[in-house]
Amino acid sequence: MMDPRYEVLFETVKIGPVTAPNRFVSMPHAIGHSYLMPNGAIGIRETRAEGGWGIVSMQLSEIDPTSDLSGLPYERLWDDGDVRTHAKSNERIHAHGALASIELGHTGIRSRGISNGYPAQGPSVLPTLKPEMPLMARAMTKEDIRRLRENYRAATRRAKQAGYDIVYVYAAHDASILWHFLQPAYNRRTDEYGGSFENRLRLFREVLEETKEEAGNDIAVAVRFAVHEASGPKRITHDGEGRAVIAALADLPDLWDVNISGWSRDSGTSRYDAEGFQEEFVSFVKQVTGKPVLGVGRFTSPDTMVSQIRRGVLDLIGSARASIADPFLPRKLREGRIDDIRECIGCNMCVAAETIGVELRCTQNPTISEEWRRDWHPERVPAAKTREHVLIVGSGPAGLEAALVLARAGHHVTVTEAREELGGRVTREARIKGLSAWRRVADYRLYQLRQMANVDLYSGSAVDAEAIAEFEADHVLLATGATWRRDGAGRSRLTPVDGFEDVAATPDDILDGMEIRGPVVIYDDDHYYMANALAVDLAVRGLEVQIVTPLPTLAPWMAQTLEQPRMIAELKSYGVRMHPNTAAIGWANGALSVVRSDTGEELPAIGGTTLLSVTVRMPDPSLSEALAARGIAHRVIGDADAPGTIQLVVFSGHRNARELLGQEPAPGHFKRERPTLFY
Amino acid sequence: MKVLVPVKRVVDANVKVRVKADGSAVELANVKTAMNPFDEIAVEEAIRLKEAGKAEEIIVVSIGPQQAQETLRTALAMGADRAILVKTDEQTEPLGVAKVLKGVVEAVKPGLVILGKQAIDDDSNQTGQMLAALLGWAQGTFASKVVIDGDKAKVTREVDGGLQTVELKMPAIVTADLRLNQPRYASLPNIMKAKKKPLDEKSPADYGADVKPRLKVIKTEEPGGRKAGVKVNSVAELVDKLKNEAGVL
């Protein structure tokens, strides 16, 4: 039964001519399935509609070929040929009682024009918004503007034809042509589309008015607008032109969907932004417009959501990441199952999947993107044919995820953990400053497992091959994790570094509580969070810290999660000295000998008391080998198989459990999306 | 000296308890169970007495269905020496359990019986006291400290307003409170070893006890949900509400 505190979240909201069945909105966000992979994308959206989201949105859909995000998997609604796919998607959303919305946009000078040969276009001749790409955008003529407006109208007509209930005019993330015209830093025009605020707003207003006209009395029109720039030119602010735009267009749209810009700040991670972090920028909007207001802020707590509504900050709660981590969040709340919510940990692996151009991935929800092609459901596992006993050695993210899948299928599952504490690496790493939310990976699974009569969890229980043999389980899974190498061999250099083996500390030592004496020299050949998170953690303890990395920038993987600039600023603020493009060649007498990675030129040695080596993690194969020697069949899963990100090892746990259950076809042969062959 | 520790299989403390749709009882089907936490403390105390050379043998007993042997195995894995399962599928009540335990005490002849002060499922807090009455033994309930000295047991009790220390002539009954100790947990290797320890199966009839329920459950319901809070605009308003609405000032 629903807690009466949350009833307000299930009130209907009138949005122009349509009514949202509740206040939960699954946002338009990149899902890594472009127009080329409609089946997988429909699987994601239908699951959300089933999970109770009142509005389920289509990701950014380009209205014509001059908006081209080459290499990134976005949607298209260019012509009538695209309508059928959108209509099918909407049919599946509507079947569960949800409304469907589409974020129609033109990406202006964010476009690349590489794949189809139409150059990016914008208010003025400008470099495209990707400094590392040698591309320029052309200035739009009046004829181009006329055509853009006509294409927006046509896309709206098609959206209506495809059955959408809400159509967006998109002006956010520094990625919309309407925003680019509005932005004084980009708009250098001298005609009626440039100069004054009213002129820069002209195109935005025209498109909005014309979209309203096309929408008529049947579907609603939403505007997605970034009211504040936290990065980028920082010319549009919540107390300046951001507010002026809302005031100028106040009641023209049926719904205001507001956020901050750029994307990296809109999608702040748990390491840098608390839940609800956008409130200080968007809270004014409801005072300026009478129309419903939708916003985001990595909301996972229903109490925070209720608070946003009650305090008059928002009318609708938008979720991208929370709906990825738990597509059933609204339904669980409605059914009074708040403890069953799988909370987003705010790691942005979902964003990284998008930036590298693969299907959407999630640390907490391994079933995302697998709904259609693997028939994985986030909440249900088909029953096992016979009830068998599974022994899982290791209670880290892979072991717990496998345990949950197998227990849900009805097997009797015994999880044994050598340490006194359950949860493996996520429980341990969550103690590092900034990473506490990662504990949710263990918390969610342990809570679920502790409810189930067919699950036994044992901590403080190291087992060897003999004990495993004696246990006589029907299946054995080894999820024993991996440990950090001490010898300096890493990702860019595969061989040990002189002088590391006996003296270097590793992240495991620190997590085991080893006393670290400063100054500390961290050698980072891992390139994700561990080295820099520990650098901050140690600096906070008052230690002098330097970080040395052979790559040209620090932790480039954090560029994929949009965290790199903030991580570097954080290191800087704690006085951590950074040495990029610096390769270690040896540690001796309290100093790290280094050379430039690119030229090999010798650099001054970097002195310190403690050397902390953060390179790669390696599994220990001895238990698997001992089991093999006894002829005991088993699977090695997670980090023990291939050390990876938490997302990858949770996935490994899930996939191996499904394979064990016989619910997976031969590896690699999940359903594929095939292009049409015209020859 | 032998120490007898009765242990009860209850719904695991981590489980979110739900009431059956018809309100007849708590949902127990496919719900995770565990040893009553206060009984774990009682087992731990017995093990510590044995480790300190004050006890020779620890016998654990459980009265309940076949699955209660899992609970006994946990106690054996922690360090008990042997177990007795008094098997019954009846819904047991404190008086019936105390009667069975009286029979077990007479058969086993322990110098000390340590029980949990209450079980977390029905929160009766009666069995230890009833057993003491049936046996005519001294009782030290809500123990936070137990010291054995010859044939005397000094028991520090957690009572309202402080601690009370009583001296009991043994044989005696002690019921364990939360702060008596921090129980060890049963590791998997120890659970496996425990399978080799003796576990006798008996029935209530073997002890001449009748465990038929004498109580009737009229109704079972979940606690009411929390009401939505209100936001006050000033300290004065808060004080006013605390005084006039909540009546706590």
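Rules behind the numbers
- Residues numbered from 1 in each chain as written.
- Chains lettered and ligands numbered in written order.
- Predicted model: local features only at pLDDT ≥ 70, side-chain atom pairs only at ≥ 80, totals over all residues.
- Heavy atoms only, no water.
- Helix = DSSP H or I, 4+ residues; strand = E, 2+ residues; numbered from the N terminus.
- Buried < 20%, exposed > 50% of the residue type's maximum accessible area, 1.4 Å probe, protein only.
- Contact = heavy atoms within 4.5 Å.
- Areas by Shrake-Rupley, 256 points an atom, 1.4 Å probe, with all protein chains shown as cover.
- Lys, Arg positive; Asp, Glu negative; His and termini not counted.
- Charge placed at Lys NZ, Arg CZ, Asp CG, Glu CD.
- Salt bridge = Lys/Arg side-chain N within 4 Å of Asp/Glu carboxyl O.
- Buried area = accessible area lost by both parts, 1.4 Å probe.
- Polar contact = N/O pair within 3.5 Å; in protein donor to acceptor, adjacent residues only side chain to side chain.
- Nonpolar A, V, L, I, M, F, W, Y, C, P; charged D, E, K, R; others polar.
- Core = buried A, V, L, I, M, F, W, Y, C linked by side-chain atoms within 4.5 Å.

Trainee: For the overall build of chain B, give the residues involved together with the corresponding values.
Mentor: Counting its secondary structure elements, chain B contains 6 helices and 11 strands. Reported as C-alpha extents along the three principal axes, the dimensions of chain B are approximately 65 × 45 × 40 Å. Relative to its full complement of 249 residues, chain B shows a buried share of 45%. When contacts within chain B are restricted to residue pairs at least 6 apart in sequence, those whose partners lie at least 24 apart make up 70%. For chain B, the computed accessible surface area is about 13100 Å², with 50% contributed by carbon and sulfur atoms. Averaging the coordinates of the 38 positive side-chain charges in chain B and doing the same for the 34 negative ones gives two points 2 Å apart.

Trainee: Would you mind going over the pattern of salt bridges in detail, with residue names and values included?
Mentor: Residue and element names in this part refer to chain A. Considering all chains together, one arrives at 78 salt bridges over all chains under this definition. We note a salt bridge from Arg-153 to Glu-213, for which the minimum N-O separation is 3.2 Å. On the criterion of sequence distance, the pair formed by Arg-153 in helix H3 (residues 142–161) and Glu-213 in helix H5 (residues 197–215) is long-range, its members being 60 residues apart. Residue class for Arg-153 comes out buried when judged on its relative accessible area of 17%. The partner of Arg-635 in a salt bridge is Glu-659, with the nearest N and O atoms 3.1 Å apart. Placement of the pair is Arg-635 in strand S28 (residues 635–636) and Glu-659 in helix H23 (residues 646–660), with a sequence separation of 24 residues. The exposure class of Arg-635 is partly exposed, given its relative accessible area of 26%.

Trainee: Explain the interface of chain B and chain A to me, using residue names and the numbers behind them.
Mentor: The interface of chain B with chain A comprises 18 residues on the first partner and 27 residues on the second. For the pair chain B and chain A, the summed buried area comes to about 1900 Å², and 53% of that belongs to carbon and sulfur atoms. It is Lys32(B), Leu188(B) and Met192(B) in chain B that bury the most area against chain A; as a group they hold 33% of the surface buried on that side. Inspection of the region where chain B meets chain A yields 3 salt bridges. A salt bridge links Lys32(B) to Asp456(A), with the shortest nitrogen-to-oxygen separation between them at 3.7 Å. Viewed at the interface, chain A and chain B are joined by 7 residue pairs in polar contact (both at pLDDT 80 or more). Of the residues contributing to the side of chain B that touches chain A, the split by class is 9 nonpolar, 3 polar and 6 charged.

Trainee: Got a sec to walk through the nonpolar core? Specific residues and values, please.
Mentor: Residues and elements named next belong to chain A. Residues Leu-9, Phe-204, Phe-225 and Trp-256 are the most contacted members of the largest nonpolar core, which totals 80 residues. When residues of this core are assigned to their parent elements, the largest contribution, 7 residues, is made by H5. Of all hydrophobic cores here, the second largest spans 69 residues; its members include Ile-345, Val-455, Leu-612 and Ala-657.

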